[in-house]
Every structure is written in C-alpha cells, then in structure tokens.
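Structure assessment
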Amino acid sequence: MTEPALGIAGVVLLALAIAALFLRPRRSRGRFVDAGLAIGAGLLGLAIGLVVAERVQRPAVVAMAAPEQPPAPEQPPAARYVESRLSLQFPIDDEYPIGSGEANVADWYAFRNSISYTPGAEEKTGKTQDQMLKLLADVSWSWLIVVAFDQPTRYSRIEVGFTGGQLPYYQIVRQDPHYAVIHVQGRIPPGQMDIATRE
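In this report, the structure presented in the accompanying data block is examined. (Residues numbered from 1 in each chain as written. Predicted model: local features only at pLDDT ≥ 70, side-chain atom pairs only at ≥ 80, totals over all residues. Heavy atoms only, no water.)

**A look at the packing of aromatic side chains**
Enumeration over the complete set of coordinates arrives at four aromatic pairs. On the basis of an interplanar angle of 15° and a centroid distance of 6.1 Å, the ring pair of Tyr109 and Phe111 is categorised as stacked. In this structure Tyr109 comes out as partly exposed when scored by relative accessible area, which is 40%. Overall, the relative accessible area of 45% leaves Phe111 in the partly exposed class. A centroid spacing of 5.7 Å and a plane angle of 70° characterise the contact between Phe149 and Tyr155, whose relative ring orientation is edge-to-face. Here Phe149 falls in the buried class, since its relative accessible area comes to 10%. Put simply, the rings of Phe90, Tyr96 and Trp143 pair up and form one aromatic cluster. (Phe/Tyr/Trp six-rings, centres within 6.5 Å; stacked < 30°, edge-to-face > 60°. Buried < 20%, exposed > 50% of the residue type's maximum accessible area, 1.4 Å probe, protein only.)

**Overview of the sheet that holds strand 7 (residues 179–185)**
With antiparallel pairing, four strands are arranged side by side in an open sheet as 3-4-7-6. Two strands in the sheet have a free side with no partner beyond their single neighbour: strand 3 (105–113) and strand 6 (170–175). Taken pair by pair, the neighbouring strands of this sheet meet at an average axis angle of 15°, ignoring direction. Bridge count between strand 4 (residues 142–149) and strand 7: seven bridges; the pairing is antiparallel. When the sheet's bridge partners are listed, Ile145 is paired in strand 7 with Ile182. (Pairing = 2+ DSSP bridges. Helix = DSSP H or I, 4+ residues; strand = E, 2+ residues; numbered from the N terminus. Axes fitted to C-alpha atoms, helices over the stretch in contact; angles between N-to-C directions.)

Structural measurements only, silent on function.
In structure tokens:
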C-alpha cells in the first residue's frame, strides 16, 4: 500500500523540482546551480520510486519462478498412555535377574556395578574385617535397570515395588516415552521387583 504511494511521490518530486527551476526568481549564482539542485532532487525521488516499485514486483516474480513445494510430511501422532509393566525376579548371590510379566516392553537390561576389595592384613583401617567388608558392600554396589517400551507411551510416573526384602535407595534417573532408566544404590536382595507406569 505504501510502496505505490512512495513511487508516485518520487515522480511528483521530480516534476516539482523541474517546475521550481523555471518558476522561482533568479538567484545570484545563476541558473546552473539551481538546475543541478532541481535535477538532483528529482532524480533522487525517481530512484526511490523505482526501487520501491521493483520491490513490490519482485515477490510475484520469485513466486512464479519457484517450483511447487511438496506437502510437508505428516507428523506422527502424539504418544498416548499405554500400560507398561515388567517383573524382575532377583535370585540369591547377586545374580542377574530373570524377567517375567511383561506388558509393552520391547527389551530390558540390568547392569550391575560392583567393586571387590579386601584390605590386606597389614592395613590399619581402625575397623574389624567384617565391618570393613560390610561398609564396602554397601557403598560399592549399584544396579542400572533400563526398560525399553514397545510402543511409545505418555505416562506421569513410574512405580517400583519390591517383595522379598528391603529395596535399597533407588531413583528414576530418566523418563521418556520410549524408555526409562532406574538406578538402585546397593545390593538388591532376593525377591521380585515390579516396575509399572502410571497415567
């Protein structure tokens, strides 16, 4: 809307500058300076009008020359809640668990991290051998349990239950529509761990 008006204003400015050259009274320097100023102002107005007019027409030319773009690919639908659960049976002697009772679980992994260390008889720890071993066993054991879901699921929380003993401190370190990661700090006693998503 403003571009045509600026173009017209440039042409009008050129016409006014040329008319003013012939209609106004003479100055002391002569008509050569007046003519130069009038023509310069008029050409400036004409240049502004031409640049603005070209800008108005250019998008239409670019639009006609551009090839038609293919339609954007459809976005996959947002994940919905799918009930997901897994039961892990932990045997005695810190062995790896056995999975059962799976729902919407593509795969799962249980990684055990343990450090075996027994202080030598000559080391002075200030604690008896049994106290030292118990301390090391409590501190150096941890489990990382990764559950990969078969279908993406939108859930608000993960519940972890355990029957057969006291489950050490655990933390849900990652929640994602595709997988979940649970970190357990300490030894997991023999028993059954139940992992389930909740809406």
